[in-house]
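Examining the three-dimensional arrangement
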Amino acid sequence: MTGYEKVNLILELFTRDGAHNFSRDELGNDLSVAIRVSMDFHDSLTKWGESLPEEHEVDYVVQTIRSGMEWFLNVRNLYRGLDTSGANRSFAWAVATEYPAIREAYLRIFPELTKADLKVAERLDCLLTLCQIQLVFLATNFRQRIKSHRASHP
Amino acid sequence: MADGNCVNSIFELFVREGADDFNRDDLEGYLRISIRISSDFYDFLTKWVDSPPDDEIDSIVKTINSGAEIHGFFDVVDLLACLDTSRSAHSFTWSISSEYSAIRQAYLRLFHELTSADLQFPERLDCLLVLCEVQLLFLAINLHRKAGM
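A few points on the structure. Model, not experiment: these values are computed from the prediction. (Residues numbered from 1 in each chain as written. Chains lettered and ligands numbered in written order. Predicted model: local features only at pLDDT ≥ 70, side-chain atom pairs only at ≥ 80, totals over all residues.)

1. Some words on the overall build of chain A
When you go through chain A residue by residue, the secondary structure sums to six helices and zero strands. Relative to the globule expectation of 15 Å for 154 residues, the C-alpha radius of gyration of chain A, 16 Å, shows essentially globular dimensions. Along the three orthogonal principal directions, the C-alpha set of chain A runs to about 55 × 30 × 30 Å. When each of the 154 residues of chain A is scored for burial, the buried share is 42%. The long-range fraction of contacts in chain A, counting pairs at least 24 apart against all pairs at least 6 apart in sequence, stands at 83%. (Helix = DSSP H or I, 4+ residues; strand = E, 2+ residues; numbered from the N terminus. Rg over C-alpha atoms; globule rule 2.2 N^0.38 Å. Buried ≥ 20, exposed ≤ 12 C-beta atoms within 10 Å, placed from the backbone. Contact = placed C-beta atoms within 7 Å.)

2. Here's the deal with the packing of helix α3 (residues 55–80) of chain A against helix α5 (residues 120–141) of chain A
Residues and elements named next belong to chain A. Where α3 meets α5, the closest approach of the two axes is 9 Å, and the angle between their N-to-C directions is 140°. Considering the angle they form, α3 stands oblique to α5. Helix-helix and strand crossings are classified by hand; for α3 and α5 the assignment is left-handed. Taken together, the residues of α5 that come into contact with α3 (itself represented by V58, V62, I65, R66, F72, V75, R76, L78 and Y79) are L124, D125, L127, L128, C131, Q134, L135, F137, L138 and N141. Taken together, the residues of the contact of α3 with α5 sort by class into 14 nonpolar, two polar and three charged. (Axes fitted to C-alpha atoms, helices over the stretch in contact; angles between N-to-C directions. Parallel < 35°, antiparallel > 145°, perpendicular 65-115°, else oblique. Left-handed = near helix turned anticlockwise from the far one by under 90°. Nonpolar A, V, L, I, M, F, W, Y, C, P; charged D, E, K, R; others polar.)

3. A closer look at the interface of chain A and chain B
Facing 25 residues of chain A, the contacting portion of chain B comprises 20 residues. Listed by contribution, the elements that provide at least two residues to the side of chain A that touches chain B are α3, α5 and α6 (144–152) of chain A. Ranked by residue count, the leading element in the side of chain A that touches chain B is α5(A), at nine residues. Residues of the side of chain A that touches chain B, tallied by class, amount to 14 nonpolar, five polar and six charged.

4. A word on helix α5 (residues 100–114) of chain B
Since the α-helix advances by 3.6 residues per turn, residues separated by three or four positions end up pointing in the same direction. Residue and element names in this part refer to chain B. If you check α5, its first and last C-alpha atoms are 21 Å apart, about what 15 residues at 1.5 Å a residue would give, namely 21 Å. Listed in full, the buried residues belonging to α5 are Y100, I103, R104, A106, Y107, L110, F111 and L114. If you follow the buried residues of α5, they end up packed against α1 (4–18), α2 (24–47) and α6 (121–143). (Expected span 1.5 Å × (residues − 1).)

5. As for α1(B)
Residues and elements named next belong to chain B. Its 15 residues place the ends of α1 21 Å apart at the C-alpha level, agreeing with the 21 Å of an ideal helix rising 1.5 Å per residue. Every buried residue of α1 is listed here: I10, F14 and G18. Looking straight down α1, one finds that the buried residues subtend no more than 65° of arc, so they occupy a single side. In α1, the exposed positions that point more than 90 degrees away from the buried face belong to G4, N5, S9, E12 and R16. Tucked into the core, α1 has its buried residues touching α2, α5 and α6. (Arc of directions from axis to C-beta.)

Written out as structure tokens, the structure is:
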């Protein structure tokens, strides 16, 4: 399955289970953007392997995450508006700041998003945890822009 | 809300040390937002020694997000990237932690360094950048609070 197909599948699952919870705008904008940015980060971590690449590549991903921040906060608001009392699964993550730990957690949790048997609150919990991991990555790597700039302007 | 005098006095320190390289308007554009938001977060941490209420956390998370999303924090990064920091004698580090008490302690210590009179321009900018970094981590942790603090 391509990344594009995965994004569509995840959106369809949210639409299937959350049509009564989310407006068309929330599905088409907030969730759609957050899922696409999260998919991009998944692809980057898969490509990079266990070591961070050169600074300009990290900076590019940091900027992509930054572009999704508004939508991440909207996802947070959606989650807070849901009744989560029926959720059985939780995707809590013990916050870590080292790249290998971030990568391991993200690649472990991301596939859960595509599972058909999650409830909508559980799937949103999963997506929000992925957004959180991306923000931790952004926080711990936003200085890479300095190294990237200096490398290209010696 | 940050004390306007505090924001102004920090900004004037940047203007004083950076006058050879930057005019006031440029610095205003690059730094004012980040100084203001960093001061707001300082006030938040000063007010809440431990266990801030949810609505207060929500408010400061939105404030920090506004500083990271469009301009602000990344302008500080871009400005520092253009500077020669080879003569900087001070460096500002903190042990990254997800615990509120550790974040609070580190931030309050670093913020006081930001107001120190004897820093060079790149050093003060580096200090501000570390403060932005701490705020971004606080934002990340509190995006999904049950997984954090």
